[in-house]
Amino acid sequence: MNDLGNKAIFSKNLKFYMNLYNKTRNDVAKALGVSYTTFASWENGTNYPRIDKIEMLANYFKVSKADLIENKYKGQEGYYDNPDAAEYAEMVRTNPEMKLLFSAAKDISKESMQKTYEYIKFLKSQEKGSND
């Protein structure tokens, strides 16, 4: 893949995580100790950060470097197994209250995550029962 494509992918992923965590350019630039204009050039896809900065960003957002540099979304079509998943993903991405589902998952134990999963399954079964 050419450099231009890498910049665009990185920019898209960076914007996703900034939105997910409700972070501004200023917030992230200050936390990383980089200038606002440097950070803005990464976000806009004008420049690509060095690997040490990518690692700092990954640590800041508590994700892997791959989450920032790889094209994991492939244009939505065909990416999700369930056709409703793209709609749900967009709802979570754009709704600050729903973002709690993602951010909380990074800070709770495996056991709590399993309990949450079981509770969601229970809620889905209740909803199916009420739709019959």
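As the structure is a computational prediction, the values presented were derived from the model and not from experiment. (Residues numbered from 1 in each chain as written. Predicted model: local features only at pLDDT ≥ 70, side-chain atom pairs only at ≥ 80, totals over all residues. Heavy atoms only, no water.)

**Observations regarding the pattern of salt bridges**
Next, step 1: By the definition in use, this model includes 3 salt bridges.
Next, step 2: A salt bridge links R25 to E43; the nearest nitrogen and oxygen atoms lie 2.3 Å apart. Of this pair, R25 sits in helix α2 (residues 25-32) while E43 sits in helix α3 (residues 36-43), placing them 18 residues apart in sequence.
Next, step 3: The partly exposed category is assigned to R25, whose relative accessible area is 22%. (Salt bridge = Lys/Arg side-chain N within 4 Å of Asp/Glu carboxyl O. Helix = DSSP H or I, 4+ residues; strand = E, 2+ residues; numbered from the N terminus. Buried < 20%, exposed > 50% of the residue type's maximum accessible area, 1.4 Å probe, protein only.)

**Some remarks on α3**
Next, step 1: Within the sequence span of α3, burial applies to F39, A40, S41, W42 and E43.
Next, step 2: Of the residues trailing α3, G45 is marked for its positive phi of about 80°.

**Some remarks on the nonpolar core**
One recurring pattern in soluble globular proteins: nonpolar side chains tend to sit buried together.
Next, step 1: Counting residues in hydrophobic clusters, the biggest one holds 17 residues, and the most contacted among them are L14, F39, W42, L57, F61 and L68.
Next, step 2: Broken down by secondary-structure element, the contributors of at least two residues to this core are α1 (3-20), α2, α3 and α4 (51-61).
Next, step 3: When residues in this core are grouped by element, the largest group, 5 residues, is from α1.
Next, step 4: Leaving out residues up to four positions away in the same chain, L68 has contacts with I9, F10, N13, Y17, I54, L57, A58 and V63. (Core = buried A, V, L, I, M, F, W, Y, C linked by side-chain atoms within 4.5 Å. Contact = heavy atoms within 4.5 Å.)

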